[in-house]
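Chain by chain, the residues:
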Amino acid sequence: MKSFKAPRKALTDLDAETVSRLITASSDVALVLDAKGVVRDAAFGNEQLAAEIGVAIVGKPLTDAVSVDTRPKIELLFADVGAPSARLRQLNHQLPSGATIPVNYGLCPLGDSGKFLALGRDLRSVAAMQQRLIEAEQSLERDYSRLRIAETRYRLLLQSVAEPIILVDAASQKIVEANSAASKLFGDPARKLAGRAFIDGFDEASARTIGDWFSALRSSGRADELRVRLADRQRRCSLSGAVFRQDNVSNVLVRLALVEAGG
């Protein structure tokens, strides 16, 4: 916080009414306390707070207006008066309904009068924002948990399929994931297949045809079954594919099936 360089000179012409309006405008709750902590006057930033807290608070000790668990903080406020490291303290105003209103208070002396000014900020909006944040985090955690469960089921299903299945990035035509049957077909572990260009598993003529096949899939979402030859030039297989989007990325689920000689 940075204060006025010359407050006595800059603010000397302010009358009590003007100061009162400034205090009310700059805080949600303003309480004038005597040295014993009795509320001698009060001002509120809005009518709702005045109705909730202001009822019969004047003339009574501030300790009577707050919850039992926050009463010790009033003593701390008085103890910190004038200290460079004075902290704001949260007091919970007790309502007849049993509910509480959290207010963050700072305390300063009113000249040499022996009175003190407690300026408070209603924390309910902050509490509501924190609650929304907690709920949003919990919602994200639930969504993430559901996503992990779905991913686990997907991987189990993928590996349980007897036919070779390969997930290919539609744009780069690189292998994203392959099941164990596909690993066996290409003779490499799934971890080595991931990131490799899909066409690397086929001969040159088939690779060109596969490129056109992927283009058709990306543009229309479907393409006819394609017969191609593997890179060993001995085995032939058929490709069928389906396009789907995941995390704003288009992927192609490719099913491969070996074609018997003469087929």
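Chemist: Where do I start with the sheet that holds strand β3 (residues 89–94) in this structure?
Modeler: To summarise the sheet geometry, strands pair through backbone hydrogen bonds and adopt either a parallel or an antiparallel arrangement. Pairing is antiparallel across the open sheet formed by five strands, whose spatial order is β2-β1-β5-β4-β3. Edge strands, defined here as strands with exactly one partner in the open sheet, are β2 (39–44) and β3. Taken over all neighbouring pairs, the strand axes of this sheet differ in orientation by 30 degrees on average, direction set aside. The pairing of strand β1 (residues 29–33) with strand β5 (residues 116–122) spans five bridges and is antiparallel. Directly across from Val-29, in β5, lies its bridge partner Gly-120.

Chemist: Explain helix α4 (residues 72–80) here, please?
Modeler: Think of an α-helix as turning once every 3.6 residues; residues three or four places apart then point the same way. Taken together, the buried positions of α4 are occupied by Ile-74, Leu-77 and Asp-80. All buried residues of α4 fall inside an arc of 130 degrees around its axis, so they share one side. Residues of α4 that are exposed and point over 90 degrees away from its buried face: Glu-75 and Ala-79. Turning to α4, the residues buried within the fold contact β3 and β4 (100–109). Residue Gly-82 follows α4 closely and has a positive phi angle near 85 degrees.

Chemist: Would you mind going over the pattern of salt bridges with me for this structure?
Modeler: Side-chain pairs of opposite charge can arise where the charged atoms are in close proximity. What the rule picks out here adds up to twelve salt bridges. As a salt-bridge pair, Arg-124 and Glu-52 come within 3.1 Å of each other at their nearest N and O atoms. Of the two residues, Arg-124 sits in helix α5 (residues 124–160) while Glu-52 sits in helix α3 (residues 47–53), which places them 72 residues apart along the sequence.

Chemist: What is the right way to look at the packing of aromatic side chains in this model?
Modeler: Given two aromatic rings, their pairing is described by the distance between the two centres and the angle made by the two planes. Inspection of the entire model under this criterion finds five aromatic pairs. Aromatic pair Phe-186 and Phe-202: ring centres 5.8 Å apart, planes at 85 degrees, arrangement edge-to-face. Of this pair, Phe-186 sits in helix α6 (residues 180–186) while Phe-202 is found in the loop between α7 (190–193) and α8 (204–220), placing the two residues 16 residues apart along the sequence. You can call Phe-186 buried: its relative accessible area is 18%. With a relative accessible area of 5%, Phe-202 lands in the buried category. Aromatic pair Trp-213 and Phe-214: ring centres 5.5 Å apart, planes at 70 degrees, arrangement edge-to-face. Exposure class is identical for Trp-213 and Phe-214. Each is buried.

Chemist: I tried to follow the sheet that holds strand β8 (residues 226–229) on my own but got confused; where do I start?
Modeler: Here we have five strands laid out as an open sheet, ordered β7-β6-β10-β9-β8, and antiparallel in their pairing. Each edge of the open sheet is held by one strand with a lone partner, namely β7 (175–178) and β8. If you compare each strand with its neighbour and ignore which way they point, the axes differ by 35 degrees on average. Bridging between strand β9 (residues 236–246) and strand β10 (residues 249–259) involves eleven bridges; their strand directions are antiparallel. In the strand pairing of β10, Ala-242 is matched with Leu-253.

Each value, and the rule that gives it
Residues numbered from 1 in each chain as written. Predicted model: local features only at pLDDT ≥ 70, side-chain atom pairs only at ≥ 80, totals over all residues. Heavy atoms only, no water. Pairing = 2+ DSSP bridges. Helix = DSSP H or I, 4+ residues; strand = E, 2+ residues; numbered from the N terminus. Axes fitted to C-alpha atoms, helices over the stretch in contact; angles between N-to-C directions. Buried < 20%, exposed > 50% of the residue type's maximum accessible area, 1.4 Å probe, protein only. Arc of directions from axis to C-beta. Contact = heavy atoms within 4.5 Å. Salt bridge = Lys/Arg side-chain N within 4 Å of Asp/Glu carboxyl O. Phe/Tyr/Trp six-rings, centres within 6.5 Å; stacked < 30°, edge-to-face > 60°.

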